[in-house]
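# Observations on chain architecture
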Amino acid sequence: MLRRAIRQADALGLPTGLEIGLGRSRSDLELLFLGLCRRSGLPEPENNVLIGRHEVDFLWRHAMLVIEVDGYRYHRGAGAFEDDRARDLELRRQGFEVLRIGERQLVERPQQVAVALTAALASAARRVGSDGHQ
């Protein structure tokens, strides 16, 4: 629904306040996350990127930081729960930090999410810098 409203506003030449375009985002939740990054002054992450056989929602490659935004609709049930954990372990084995952000967190506590992201990016920059990798 949000995606359609943004497209209609763009078609009419109306400002959306997001100024992010639809890019590779596939959901309203991804658009909300990108908007939060923009409003918080965070660098824009890559969106829907393959890392090996796994497609991740968001990636800050230089920081080796993966963000997954999870809505209950697509991540409920034992199978999805276990698949997500297995995937996180594989990404961590490859050196990525993985953070999962729930829809409710993103909608109801965006400032808390922004603070956590800022801290994760700063921590990742220190970690990557100390390893000598970039």
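Refer to the preceding data block for the structure.
Read on for a plain summary of the structure. (Residues numbered from 1 in each chain as written. Predicted model: local features only at pLDDT ≥ 70, side-chain atom pairs only at ≥ 80, totals over all residues. Heavy atoms only, no water.)

## Observations concerning the overall build of the protein chain
Scanning the protein chain from N- to C-terminus turns up six helices and four strands. When the elements of the protein chain are put in sequence order from the N terminus, they spell out α-α-β-β-β-α-α-β-α-α. Looking at the protein chain as a whole, 38% of its 134 residues qualify as buried. Within the protein chain, counting contacts between residues at least 6 apart in sequence, those at least 24 apart form 51% of the total. (Helix = DSSP H or I, 4+ residues; strand = E, 2+ residues; numbered from the N terminus. Buried < 20%, exposed > 50% of the residue type's maximum accessible area, 1.4 Å probe, protein only. Contact = heavy atoms within 4.5 Å.)

## Considerations on the nonpolar core
Counting 20 residues, the largest nonpolar core has F33, W60, I67, V69, I101, L106 and L117 as the members making the most contacts within it. It is helix α6 (residues 110-131) that provides the largest number of residues to this core, a total of six residues. With residues up to four places along the chain from it excluded, the contact list for W60 reads F33, C37, P43, E44, P45, L65, I67, L117 and L121. Listed in part, the eight residues of the second largest apolar core include I51, L59, F96 and V98. (Core = buried A, V, L, I, M, F, W, Y, C linked by side-chain atoms within 4.5 Å.)

## What to know about the pattern of salt bridges
Any two side chains of opposite charge can pair if their charged atoms end up close together. Tallied over the full model, the rule gives seven salt bridges. With a shortest N-O distance of 2.8 Å, R61 and E46 are connected by a salt bridge. Residue R61 is found in the loop between β2 (54-60) and β3 (65-70), and its partner E46 is found in strand β1 (residues 46-51); the two are separated by 15 residues along the sequence. By relative accessible area, R61 is classed as partly exposed at 45%. Between D70 and R100 there is a salt bridge, and its shortest N-O distance comes to 2.7 Å. Here D70 is found in strand β3, whereas its partner R100 is found in strand β4 (residues 97-102), with 30 residues between them in sequence. On the basis of relative accessibility, which here comes to 12%, the residue D70 falls in the buried class. (Salt bridge = Lys/Arg side-chain N within 4 Å of Asp/Glu carboxyl O.)

## A look at the sheet that holds β3
Spatially, the four strands line up as an open sheet ordered β1-β2-β3-β4, and their pairing is mixed. The outermost strands of the open sheet, each flanked by one partner alone, are β1 and β4. In this sheet, adjacent strand axes meet at a mean angle of 45° when their direction is disregarded. Sheet topology places β1 next to β2; five bridges connect them, and they run antiparallel. Along β2, the bridge assignment pairs L50 with E55. Here helix α2 (residues 28-39) sits on the sheet and contacts β1, β2, β3 and β4; the angle it forms with β2, its principal contact strand, is near 20°. (Pairing = 2+ DSSP bridges. Axes fitted to C-alpha atoms, helices over the stretch in contact; angles between N-to-C directions.)

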